[in-house]
Amino acid sequence: MSAPRTTAPGSQLIETPERVALRRAVADLGGRYGSAYYLAKARAGQPADELWAEAGKAGYLGVNLPAEYGGGGGGITDLAIVLEELGTAGCPLLLLIVSPAICGTVIARYGTEEQKRHWLPGLADGSRRMAFGITEPDAGSNSHRISTVARRDGEDWLLTGRKVFVSGIDHCDAVLFVARTEDARTGKLKPALFVVPRDTPGFEYRPIPMELVAPERQFQVFLDDVRLPAEALVGDENAGLLQLFAGLNPERVMTAAFSLGLARQALGKAVEYARTRVVWSTPIGAHQGLAHPLAQCAVEIELARLMTQKAALLYDGGEDAAAGEAANMAKYAAGEAAARTVDQAVQTLGGNGLTQEYGLGALLAATRVGRVAPVSREMVLNYVAQHTLGLPKSY
């Protein structure tokens, strides 16, 4: 019997030779660490620093960032490959979504020359990390109701508000916060982005107890008249949603890649178990009751993977509107595929599926991330109904 395939059939025709080589190299790196390393770090409450540092030294963390600032000169397509392959190997580094994908992309596109020189080389080689704060207790998925406000005080800004579910602050150098400023022309509040170093006075963060098994912890943040210099503002204070979605579309693509990695990891474990577990002199994978659900999972993973590639390529090609639609669809498809695949993998292993030895139980909670964050599956369906199908807005 042949071993389960770890790469997509025909990938050489879909991806460039350089991206095929990137997949293989990252898969090799992830395989040297694996889920045992990742889960041990997570359960000990420690970050995966060794893997992060090695990935940074190899150039994988900054593969999407401009070459003139120490990056690889690629795009979100390349960074999504890195996260997917690390996740498949059992090491889904959540901060890849945040630090180089969201924060690095926003600074690369809209930051000043000084901001780029100050932050991008460290984000690219992993020596610096940046968290992202947008979600608020009372706003939920409605970014138009963000209440964190930045107001001018002479040349400085004063930032006041509260954020929740900010990943990995305790191991980051700064946070890119989404706040709202008053448009001088209209008097209306518009979103704006500010880089806030972690040790800034008035910036307090507290961990949120979570059931997730992950090296990155979640935090709530309190901002009490945090004084920031003028250069803390990234981009134009009146640019509104344009700059914000420069980070949110890559976030959706990367979340899809995160889910795909989890799904492929779970499917690989389930297929190997079904091939080798013998009951009544027959491998359990010979029974269609197990074989067909796993085959269906493989189909759904590949469909979601293709949508993720489309979204990433559209974004890298500057097609922001089309990328927004595709990124939402990719995030939805990958989240659903991961949830079904992990559930079926646990079912395939039976009681073994909930033991720490196989690591599938931890994935049950992790796959929910792709269905509820950074935007819920229901809000994705609202988006598709309104923007793709042209149906009336429901909210």
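Residues numbered from 1 in each chain as written. Predicted model: local features only at pLDDT ≥ 70, side-chain atom pairs only at ≥ 80, totals over all residues. Heavy atoms only, no water.

**Student:** Even after reading the chapter, I still don't get the overall build of the protein, so can you show me in this structure?
**Tutor:** The secondary structure content of the protein amounts to eleven helices and ten strands. Structurally, the protein occupies a C-alpha span of about 80 × 50 × 40 Å along its principal axes. Burial statistics for the protein: of 395 residues in total, 51% are counted as buried. Pairs at least 24 residues apart make up 70% of the contacts formed inside the protein by residues separated by at least 6 positions. Total accessible area on the protein stands at roughly 17,400 Å², and carbon and sulfur atoms take up 54% of it. (Helix = DSSP H or I, 4+ residues; strand = E, 2+ residues; numbered from the N terminus. Buried < 20%, exposed > 50% of the residue type's maximum accessible area, 1.4 Å probe, protein only. Contact = heavy atoms within 4.5 Å. Areas by Shrake-Rupley, 256 points an atom, 1.4 Å probe, with all protein chains shown as cover.)

**Student:** Teacher, can you tell me more about the nonpolar core here?
**Tutor:** Within soluble globular proteins, side chains that are nonpolar tend to cluster in buried spots. Among the nonpolar cores identified, the biggest contains 111 residues, and Leu-96, Met-130, Phe-132, Leu-159, Leu-176, Phe-194 and Phe-203 are the most heavily contacted of them. Per-element accounting of this core gives the leading share, 16 residues, to helix 7 (residues 241-276). Apart from residues no more than four positions distant in its own chain, Met-130 is found in contact with Val-98, Ser-99, Cys-103, Ile-107, Trp-119, Leu-123, Cys-172, Ala-174, Val-175, Leu-176 and Val-195. (Core = buried A, V, L, I, M, F, W, Y, C linked by side-chain atoms within 4.5 Å.)

**Student:** Please clarify how the pattern of salt bridges should be interpreted in this entry.
**Tutor:** Side-chain pairing between opposite charges can occur once the charged atoms of the two side chains come close. Counting across every chain of the model gives 28 salt bridges. Across the pair Arg-305 and Glu-85 runs a salt bridge, and its minimum N-O distance is 3.8 Å. Of this pair, Arg-305 sits in helix 8 (residues 288-316) while Glu-85 sits in helix 4 (residues 76-88); the two residues are 220 residues apart in sequence, bridging distant segments of the chain. For Arg-305, a relative accessible area of 5% puts it in the buried group. Connected via shared salt-bridge partners are Glu-15, Arg-23, Glu-84, Glu-85, Arg-264, Glu-302 and Arg-305. (Salt bridge = Lys/Arg side-chain N within 4 Å of Asp/Glu carboxyl O.)

**Student:** Is there a simple way to think about the packing of aromatic side chains in this case?
**Tutor:** Here the distance between the centres and the angle between the planes together describe a pair of aromatic rings. Within the structure shown, the criterion is met by six aromatic pairs. Ring plane angle 80 degrees and centroid distance 5.5 Å describe the contact between Tyr-205 and Phe-219, whose orientation is recorded as edge-to-face. One end of the pair, Tyr-205, is in strand 6 (residues 203-208); the other, Phe-219, is in strand 7 (residues 218-228), with 14 residues separating them in the sequence. Through a chain of ring-to-ring contacts, three or more aromatic side chains come together here, namely Phe-177, Phe-203, Tyr-205 and Phe-219. Stacked on the ring of Trp-119, the Lys or Arg Arg-128 has its end atom at 4.5 Å from the ring centre. (Phe/Tyr/Trp six-rings, centres within 6.5 Å; stacked < 30°, edge-to-face > 60°. Lys NZ or Arg CZ within 6 Å of the ring centre and 35° of its normal.)

**Student:** Honestly, a nonpolar patch on the surface in this entry has me stumped. Any pointers?
**Tutor:** Judged by side-chain polarity, Ile-14, Val-299, Leu-303 and Leu-306 come together as a nonpolar surface patch covering roughly 360 Å² of accessible area. Here the nonpolar patch takes three residues from helix 8, the largest share from any one element. Its relative accessible area of 36% is what places Leu-306 among the partly exposed residues. (Patch = residues over 30% accessible without salt bridge, like charges linked within 9 Å, V, L, I, M, F, W, Y side chains within 5 Å.)

**Student:** Help me understand the packing of helix 7 against helix 10 (residues 360-372) in this model?
**Tutor:** Helix packing for two helices is described by the angle between their axes and how far apart those axes are. The N-to-C vectors of helix 7 and helix 10 enclose an angle of 155 degrees; their axes lie 10 Å apart at closest approach. Classed by the angle they form, the pair helix 7 and helix 10 counts as roughly antiparallel. Our pair here, helix 7 against helix 10, has a crossing hand that is left-handed. Here Thr-255, Phe-258, Ser-259, Leu-262, Gln-265, Ala-266 and Lys-269 of helix 7 lie close against helix 10, whose contacting residues are Leu-360, Leu-363, Ala-366, Thr-367, Val-369 and Gly-370. Residue composition of the contact of helix 7 with helix 10, by class: seven nonpolar, five polar and one charged. (Axes fitted to C-alpha atoms, helices over the stretch in contact; angles between N-to-C directions. Parallel < 35°, antiparallel > 145°, perpendicular 65-115°, else oblique. Left-handed = near helix turned anticlockwise from the far one by under 90°. Nonpolar A, V, L, I, M, F, W, Y, C, P; charged D, E, K, R; others polar.)

**Student:** Honestly, the environment of Pro-215 in this entry has me stumped. Any pointers?
**Tutor:** Of note, Pro-215 is situated in the loop between strand 6 and strand 7. A sequence separation of 103 residues divides Pro-215 from Thr-112, and the C-alpha atoms of the two residues are 32 Å apart.

**Student:** Explain the environment of Leu-241 here, please?
**Tutor:** Mapped onto the elements of the fold, Leu-241 is located in helix 7. Judged by its relative accessible area of 33%, Leu-241 is partly exposed.

**Student:** I tried to follow the packing of helix 9 (residues 320-349) against helix 11 (residues 377-388) on my own but got confused; where do I start?
**Tutor:** Running from amino to carboxyl end, helix 9 crosses helix 11 at an angle of 140 degrees, the nearest separation of the two axes being 10 Å. Put simply, helix 9 runs oblique to helix 11. For helix 9 against helix 11, the interelement crossing comes out left-handed. On the side of helix 9, the interface is formed by Ala-321, Gly-324, Glu-325, Asn-328, Met-329, Lys-331, Tyr-332 and Glu-336, while helix 11 contributes Arg-377, Val-380, Leu-381, Tyr-383, Val-384 and Thr-388. When the residues that make up the contact of helix 9 with helix 11 are grouped by side-chain class, the tally is seven nonpolar, three polar and four charged.

**Student:** Mind showing me how you'd approach helix 8 here?
**Tutor:** Taking 1.5 Å per residue, 29 residues should reach 42 Å; helix 8 reaches 41 Å between its end C-alpha atoms and fits that length. The first or second residue beyond helix 8 is Gly-318, which carries a positive phi of 85 degrees. (Expected span 1.5 Å × (residues − 1).)

**Student:** Please explain the pairing of strand 2 (residues 149-153) as it appears in this structure.
**Tutor:** In summary, the side chains of a regular strand alternate between the two faces of the sheet. In this structure, strand 2 lies alongside strand 3 (residues 156-167), joined through five bridges in antiparallel fashion. For Arg-151, the partnering residue across the bridge sits in strand 3 and is Leu-158. Following strand 2, the chain reverses through two residues before pairing antiparallel with strand 3; Gly-154 in that reversal takes a positive phi of roughly 70 degrees. (Pairing = 2+ DSSP bridges.)

**Student:** What should I look at first to understand the side chain of Ser-99 in this one?
**Tutor:** Along the chain, Ser-99 turns up in helix 5 (residues 95-110). A distance of 3.1 Å separates the side chain of Ser-99 from the backbone nitrogen of Met-130, its partner in a polar contact. Non-local contacts of Ser-99, meaning those with residues more than four positions away in its chain, are made with Trp-52, Gly-104, Leu-123, Arg-128, Arg-129 and Met-130. (Polar contact = N/O pair within 3.5 Å; in protein donor to acceptor, adjacent residues only side chain to side chain.)

**Student:** Sorry, what's going on with the side chain of Thr-77 here?
**Tutor:** Within the secondary structure layout, Thr-77 lies in helix 4. A polar side-chain atom of Thr-77 sits 3.4 Å from the main-chain carbonyl oxygen of Ala-312. Side-chain polar atoms of Thr-77 contact the side chain of Asp-316, separated by 2.6 Å. If sequence neighbours within four positions are ignored, Thr-77 has contacts with Arg-19, Ala-312, Leu-313 and Asp-316.

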